[in-house]
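# Structure at a glance
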Amino acid sequence: MPTYAYACKDCSHAFEIVQSFTDSSLTSCPECEGTLRKKFNSVGVVFKGSGFYRTDSRDTKGSTVAPAPASTPAAPAAPAPAAAS
């Protein structure tokens, strides 16, 4: 259930209350019985970070981006032929 913030127009008392979507808004202040107003806050979802990409939540089979080629280790150098004595 969402949390709603209210402030009294008369005494400036501010508080938050958890209400269902179907509950009606509060109209009277619990402190002074004055008129309440609902405070609207910013959106509850904030995306932070360097970015979100189309392939972040997809299976790799459906991706159109080719995977980076795996690097192969270099073959060991062959020993130099021994000089005849």
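Calculation rules
- Residue indices follow the written sequence of each chain, beginning from 1 at its first position.
- Reporting in this predicted model follows two pLDDT cut-offs: at least 70 for local features of residues, and 80 or more for side-chain atom pairs to be given and counted; totals over whole chains, interfaces and linings ignore these cut-offs and use all residues.
- Each side-chain value is derived from all of the structure's non-hydrogen atoms; neither hydrogens nor water enter the calculation.
- Working definition: helices are DSSP H or I runs of at least four residues, strands are E runs of at least two. Numbering for both runs from the N terminus.
- In protein, a polar contact means a hydrogen-donor-capable atom and an acceptor-capable atom, both N or O and within 3.5 Å, with residues adjacent in sequence counting only if both atoms are side-chain atoms; elsewhere, any N or O pair within 3.5 Å suffices.
- Throughout, a residue-residue contact means that at least one pair of heavy atoms, one from each residue, lies within 4.5 Å.
- What we call a nonpolar core is a set of buried Ala, Val, Leu, Ile, Met, Phe, Trp, Tyr and Cys residues that are connected through their side-chain atoms within 4.5 Å.
- Buried, partly exposed and exposed residues are distinguished by accessible area as a fraction of the type maximum, computed with a 1.4 Å probe on protein chains only: under 20%, between the cut-offs, and over 50%, respectively.
- Should DSSP find at least two bridges between two strands, the strands are regarded as paired.
- What counts as an axis is a line fitted to C-alpha atoms, over the stretch in contact for a helix, and the angles between N-to-C directions run from 0 to 180 degrees.
- Two aromatic rings from Phe, Tyr or Trp, using only the six-membered ring of Trp, form a pair when their centres are within 6.5 Å; if the ring planes differ by under 30 degrees the pair is stacked, by over 60 it is edge-to-face, and anything between is tilted.
- Note on criteria: charge over ring means Lys NZ or Arg CZ within 6 Å of the ring centre, with the direction from the centre no more than 35 degrees off the ring normal.

## Points about the side chain of glutamine 19
By the secondary structure assignment, glutamine 19 is in the loop between β2 (14-18) and β3 (36-39). A polar atom in the side chain of glutamine 19 sits 2.9 Å from the side chain of tyrosine 6. Here the side chain of glutamine 19 touches serine 24 through a polar contact of 3.3 Å, landing on its backbone oxygen. Setting aside its immediate chain neighbours within four residues, glutamine 19 contacts Met1, Pro2, Tyr4, Tyr6, Ser24 and Leu26.

## A look at the nonpolar core
Generally speaking, a soluble globular protein has its nonpolar side chains buried in company with each other. Of all hydrophobic cores here, the largest spans six residues; its members are Tyr4, Tyr6, Cys8, Phe15, Cys29 and Leu36. Residue contacts for tyrosine 6: discarding those within four places in its chain leaves His13, Ala14, Phe15, Ile17, Gln19, Ser25, Leu26, Leu36, Arg37, Lys38 and Lys39.

## Here's the deal with the sheet that holds strand β1 (residues 3-8)
Read from one edge to the other, the open sheet built from three strands follows the order β2-β1-β3, with strand pairing classed as antiparallel. Each edge of the sheet is formed by a strand with only one pairing partner; in this case those strands are β2 and β3. Direction aside, neighbouring strands of the sheet carry axes that sit 35 degrees apart on average. For β1 and β2, the ladder comprises five bridges, and the chain directions are antiparallel. Following the sheet pairing, alanine 5 is matched in β2 by glutamate 16.

## Digging into the packing of aromatic side chains
What characterises a pair of aromatic rings is the spacing of the ring centres plus the angle enclosed by the ring planes. Considering all chains together, one arrives at one aromatic pair under this definition. Relative to phenylalanine 15, the ring of tyrosine 6 has its centre 5.8 Å away and its plane inclined at 25 degrees; by these criteria the two rings are stacked. Phenylalanine 15 matches tyrosine 6 in its accessibility class, with the two residues each being buried. Between the NZ or CZ atom of lysine 38 and the centre of the ring of tyrosine 4, over which it lies, the distance is 4.3 Å.

## Some points on unusual backbone geometry
With a phi angle near 65 degrees, serine 12 is a residue other than glycine that sits in the positive phi range. Within the secondary structure layout, serine 12 lies in the loop between β1 and β2. For glutamate 33, which is not glycine, the phi torsion reads 65 degrees and is therefore positive. Following the sequence through the fold, glutamate 33 ends up in the loop between β2 and β3. On the accessibility criterion, glutamate 33 (58% relative accessible area) is exposed.

## Some details on the pairing of β1
Taking burial as the measure, the six residues of β1 include five buried ones, the bulk of the element. Hairpin geometry of β1 and β2 is characterised by an intervening segment of five residues between the two adjacent antiparallel strands and by a positive phi of about 65 degrees at serine 12. When β1 meets β3, the two strands line up antiparallel, connected through four bridges. Within β3, the residue paired with tyrosine 6 across the bridge is lysine 38.

Function-wise, these values are silent; they only describe arrangement.
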